[in-house]
Amino acid sequence: MKVTVWNEYRHEQQHEEVRKIYPDGIHQVLASALGEQGFDVKTATLDEPQHGLTDEVLNNTDVLLWWGHLAHDEVSDEIVEKVQKRVWEGMGLIVLHSAHFSKIFKKLMGTGCDLKWREANEKERLWVVDPSHPIAEGIGEYIELEEEEMYGEHFDIPAPDELVFLSWFQGGEVFRSGATFKRGNGKIFYFRPGHETHPTYYNKQIQKVIGNAVKWAAPVTRDYPVYGNAKPLEKLEGYKEE
């Protein structure tokens, strides 16, 4: 399975605190973890030509991971439309943490995707609320993170097709932290953890969830649906082909 990890890659270059945690970028940590799980992984970043998401890259990507925060508005609308088209065609999309505000996620959801947030280094427990779901395979009742950024309800997204994780935070809020959606032939998973000032993506359980999500979101081999004016399958009196 061919996976592309897309990362804005701005915090790591601009902020020493983040660079100490992810010296080669969040994308490299995710790519390494997925590579160890047996996936064929490439990376792409915002400042590469076409944001690293050329037609060749997108056409050879089964599942795309997306992490962004500082520069959502700098992502080209043309690239967003190409990613959306690939999702419709069947490419999987894993949207991570602050990419809830990315152009591509908001475009696919059709809502504002806003939420509450707080940076207070508080404990998070991600409770598995759908233990039969393949994304939760190999995960116990919950994942506990000692320090994370809080995201709280209300999360302005459409009702998920499936809710896999529900987070509780030390300050009292809860959040729909693992949600699936289908758009066209493609499958989408939003996964909340991963604030840049915490080493969340080194956590083996978090890595396991992301690997499970990649397997779940993989394209199904089938023809793309036919749309538009359609000839009748049976003979119709008075029908004239346009």
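Residues numbered from 1 in each chain as written. Predicted model: local features only at pLDDT ≥ 70, side-chain atom pairs only at ≥ 80, totals over all residues. Heavy atoms only, no water.

- Identification of the protein chain as ThuA domain-containing protein from Paenisporosarcina macmurdoensis is taken from an unreviewed UniProt entry.

## Some words on the sheet that holds strand 8 (residues 174-183)
Here is step 1: Strand order across the open sheet formed by nine strands is 2-1-3-4-9-8-7-5-6, with mixed pairing between neighbours. This sheet does not close on itself; its edge strands, each paired only once, are strand 2 (40-45) and strand 6 (142-152). The mean inter-strand angle of the sheet, taken between neighbouring strand axes irrespective of direction, is 25°.
Here is step 2: As defined by bridge partners, strand 1 (residues 2-7) adjoins strand 2 across six bridges and the pair is classed as parallel. What sits directly across from Thr4, in strand 2, is Lys42.
Here is step 3: Of the strands in this sheet, strand 3 (63-67), strand 4 (92-96), strand 8 and strand 9 (186-191) touch helix 5 (residues 77-89), which is tilted by about 115° from strand 9. (Pairing = 2+ DSSP bridges. Helix = DSSP H or I, 4+ residues; strand = E, 2+ residues; numbered from the N terminus. Axes fitted to C-alpha atoms, helices over the stretch in contact; angles between N-to-C directions. Contact = heavy atoms within 4.5 Å.)

## Let's talk about helix 5
Since the α-helix packs 3.6 residues into each turn, any two residues three or four apart lie on the same face.
Here is step 1: The end-to-end C-alpha distance of helix 5 is 18 Å, a good match for the 18 Å that 13 residues give at a rise of 1.5 Å each.
Here is step 2: Taken together, the buried positions of helix 5 are occupied by Ile79, Val80, Val83, Gln84, Arg86 and Val87. Angularly, the buried residues of helix 5 cover 160° about the axis, an arc narrow enough to put them on a single face.
Here is step 3: Structurally, helix 5 contributes buried residues whose contacts are with helix 4 (55-59), strand 3, strand 4, helix 6 (103-109), strand 8 and strand 9. (Expected span 1.5 Å × (residues − 1). Buried < 20%, exposed > 50% of the residue type's maximum accessible area, 1.4 Å probe, protein only. Arc of directions from axis to C-beta.)

## Considering the pattern of salt bridges
Here is step 1: Here the structure, examined in full by the defined rule, presents 16 salt bridges.
Here is step 2: Notably, a salt bridge pairs Glu89 with Lys85, separated by 2.4 Å at the nearest N-O pair. Here Glu89 and its partner Lys85 are both found in helix 5, four residues apart, which amounts to about one turn of the helix.
Here is step 3: Between Glu144 and Arg125 there is a salt bridge whose closest N-O contact spans 2.8 Å. With Glu144 in strand 6 and Arg125 in strand 5 (residues 116-128), the pair connects residues that are 19 residues apart, well separated along the chain.
Here is step 4: A relative accessible area of 23% means that Arg125 is categorised as partly exposed.
Here is step 5: Residues joined in a network through salt bridges with shared partners are Arg10, Asp47 and Glu74. (Salt bridge = Lys/Arg side-chain N within 4 Å of Asp/Glu carboxyl O.)

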